[in-house]
2 protein chains.
Amino acid sequence: MKMSDRKKKILQIVVDEYINTAVPVSSKSITEKHLTDVSSATVRNELASLEELGYLTQFHTSGGRVPSPQAYRFYIEELMERGNLSSQDLDYIERMFSSKSHDVEHLIKSVSEVISELTDYTSVAITPHAEAETIRSLSLLPCGDGTALLVIMTSERILRDSFISIPENMGEEELENASKMIGKIFAGKELGKVKEVEEEALSDFGQYRQVMREVIDALKLYTRPRDEDVVLTGAEKIFNHPEYEDVENVKNFLTVISSKDRLADIIEGENDEIQINVKIGSSGDSDVPDDCSVVTATYSAGGKNLGTYGVIGPIRMDYPKVITVLENVGKALEDLVNSKNKDRKDGNERKK
Amino acid sequence: MKMSDRKKKILQIVVDEYINTAVPVSSKSITEKHLTDVSSATVRNELASLEELGYLTQFHTSGGRVPSPQAYRFYIEELMERGNLSSQDLDYIERMFSSKSHDVEHLIKSVSEVISELTDYTSVAITPHAEAETIRSLSLLPCGDGTALLVIMTSERILRDSFISIPENMGEEELENASKMIGKIFAGKELGKVKEVEEEALSDFGQYRQVMREVIDALKLYTRPRDEDVVLTGAEKIFNHPEYEDVENVKNFLTVISSKDRLADIIEGENDEIQINVKIGSSGDSDVPDDCSVVTATYSAGGKNLGTYGVIGPIRMDYPKVITVLENVGKALEDLVNSKNKDRKDGNERKK
DNA sequence: GTTAGCACTCTCAACCTTTAAGTGCTAACG
DNA sequence: CGTTAGCACTTAAAGGTTGAGAGTGCTAAC
């Protein structure tokens, strides 16, 4: 059955209304507030039909209707009216982004905070996948006691570090030497491709084989995000939404967000091309809980991936608001990075 | 009024019973299970008296009695019977600690996990106060684009790093030079005392003044724990305790634990001397919520502070269990570090 | 296709009743 | 004088009843 325009209109009203009030919507309330030119009985017929199509459900006969996940998906695709942020909100974004130093590690926290604050939902953010990045330089710093600090710089300026152990009898000069040699091997390689050169690198490297081994193991670890790479902000915000007056739901939610690994899986989707990505309820694939929605956006600016950001909350989520915020934050971020790039270029020219 | 032995015995029974069952305890249940040689009426008299002394409260006349915070404090001081961990639990500790590389950053996560798992409460851990540590070395690594990475090694082998910006026109050799000079200034200084030498260091330092400024600012930041220094494990464990079937309580709890800053304040007490520290309910001082208890222990081994670890949960907490776990984990940790130190010493001797 | 009208269903809150638990008090006991 | 049995009293929790209110589905008429 093709959806008539009126059906669409009514569905839109139901979803809008339910998003705003969290109360099942009745035929009467529709004719009173929105569709004053038809009677409630007519609307009732349409509602029954929409229910048959799978867009609406009722908890019980006298309870009004509630949108199904399918309805939300349709709403986002076709019905939703985009809003604009208030100038207050825009100011807030500007203020939050203008102040601080902006390496990715700090940026990710500010952005997550802004998103949570503006949407009133819990925000999750994750640094870009490291796999695609190329290693720019790699150094080993002596720490004494048979350990060294491994510092890696990638093309995207992201830094990661970890300890590795080195032979007890390795002196500082020797370490420096090894550091330079190993650095040369990996410079320009993609992190994700370290595995492929593993054999070769090890066989070439009689002298510092053990150190090489450690470095490779560390590099391999970087393909998986560390706990610190996943940022969670505003967990307590869920209590602002009535579905979380039920402990059972809070329990579900808290269990999901308390594991950074799980969070990483949830917000790291197939977002290579998609700019904004909405998962509603148990879409089957990921381990998003049944009663949750996740909206994510992957930002990049100036050819640089800035990470994936998102919002997690009840299925009855204010999608227009959330999507508008995500878009505006994306724009602001782009401006920020571009203006910085420009500065940097100016600086470099001055340098010449 | 002096507490008779029988009063103490009864108070102990009440607390034990309430900790185990979460049900207000009645005079009848006491005489049935524990004090079979007196009648319930006698116990009733004692209970009334204990209530008058402030150790017990009742929600309503026919509801049995519940220990007050004061009772828990007394219980921990005088009444509690220490248990021992099962050999299973001891094995578990051993297994968890034996496997991995143990710089403090990783250690803190494993320890927190072990504590949460064994106690069945939410565990919080924080790295040692950096203020008292002395700087062992300090280096600046070039990152290009007018930024450098600051790497600091302290006496305790804890490493911390952050980006600072440097003049655009500063070459790599120059940076290396600055790094060495600045390093010399701070080597051997306590982190907490950076402020004191600030003026002096800056005035001495015409040439690299700007870089010095940045380094000092970064060093000053380190007196406050970073978010990454606070580890939270097993947040979802609170749902295993009946007090958190009430959303209001969960809300309180989640709000507290969702800010790492607040968590740091809570578990960082005046634990210079005290080995195990119990805060019950709103002790007035910190921002522990009214309905929560926090038990913390600060570990050190081989002269090295290994951080503060704790458990946060309902006032009706299984103190004997929690304290036993904290003690055993402390012992295990000490063994681990000592055996490592021994290895290291052996290694150094071999080196000579 | 739309509408008025009405019977039907269901929830929710208010109220009552009963039951069970546990106490406080009093008077008697050894 | 501490201990005890006995009993009246209080309260929460559970179950049942009722009435009001909300909303629907259906039918017959427009």
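Here is what the cut-offs are and how they apply
- Residues numbered from 1 in each chain as written.
- Chains lettered and ligands numbered in written order.
- Predicted model: local features only at pLDDT ≥ 70, side-chain atom pairs only at ≥ 80, totals over all residues.
- Heavy atoms only, no water.
- Salt bridge = Lys/Arg side-chain N within 4 Å of Asp/Glu carboxyl O.
- Helix = DSSP H or I, 4+ residues; strand = E, 2+ residues; numbered from the N terminus.
- Near = heavy atom within 4 Å.
- Polar contact = N/O pair within 3.5 Å; in protein donor to acceptor, adjacent residues only side chain to side chain.
- Nonpolar A, V, L, I, M, F, W, Y, C, P; charged D, E, K, R; others polar.
- pLDDT = per-residue confidence, 0-100.
- Contact = heavy atoms within 4.5 Å.

Focus on the pattern of salt bridges
Inspection of the entire model under this criterion finds 28 salt bridges over all chains. For Arg316(A), the salt bridge identified is with Glu243(A), shortest N-O distance 2.8 Å. Taken together, the residues Arg316(A) in the loop between strand 10 (304-314) and helix 12 (319-351) and Glu243(A) in the loop between strand 7 (230-233) and helix 10 (247-257) connect sequence positions 73 residues apart. The closest approach of N and O atoms between Lys321(B) and Asp89(B), which form a salt bridge, is 3.6 Å. Here the residue Lys321(B) occupies a position in helix 12 (residues 319-351), and Asp89(B) occupies one in helix 5 (residues 87-98), the gap between them amounting to 232 residues. Here the salt bridges do not stand alone but share partners, grouping Arg6(A), Lys7(A) and Glu46(A) into one network.

Digging into the protein's contact with DNA strand C
In the neighbourhood of DNA strand C, 19 residues make up the surrounding shell, with Arg6(A), Thr42(A), Thr61(A), Ser27(B) and Arg65(B) lying closest. Of all DNA strand C atoms lying within 4 Å of any protein atom, the proportion belonging to sugar or phosphate reaches 77%. One nitrogen or oxygen atom from the side chain of Arg6(A) is found 2.8 Å from a phosphate oxygen belonging to DNA strand C. With respect to DNA strand C, the side chain of Ser27(B) contributes an N or O atom lying 2.6 Å from a phosphate oxygen. In terms of residues, the surface near DNA strand C owes the most to one element, helix 3 (residues 40-52) of chain A, which gives four residues. Residues belonging to the surface near DNA strand C are distributed by class as follows: two nonpolar, twelve polar and five charged.

Focus on the environment of Arg226(A)
In this structure, Arg226(A) sits in the loop between helix 9 (209-221) and strand 7. With 108 residues separating them in the primary sequence, Arg226(A) and Leu118(A) have C-alpha atoms 27 Å apart.

Overview of the protein's contact with DNA strand D
Lining the immediate environment of DNA strand D, one finds 19 residues, of which Ser27(A), Arg65(A), Arg6(B), Thr42(B) and Thr61(B) sit closest. A breakdown of the atoms of DNA strand D within 4 Å of the protein gives sugar and phosphate a share of 77%. Ser62(A) places a main-chain nitrogen or oxygen 3.2 Å from a sugar or linking oxygen of DNA strand D. One of the side-chain N or O atoms of Arg65(A) is found 2.9 Å from a phosphate oxygen in DNA strand D. The residue inventory of the surface near DNA strand D, partitioned by class, reads two nonpolar, twelve polar and five charged.

Regarding the confidence of the model for chain A
Residue and element names in this part refer to chain A. Mean pLDDT for chain A: 85, with 88% of residues reaching 70 or above. The least confident element of chain A is strand 6 (residues 159-165), whose mean pLDDT is 74; the most confident is strand 2 (residues 66-67), at 97. The low-confidence segment residues 347-352, where pLDDT is below 50, has three contacts with residues more than four positions distant or belonging to other chains.

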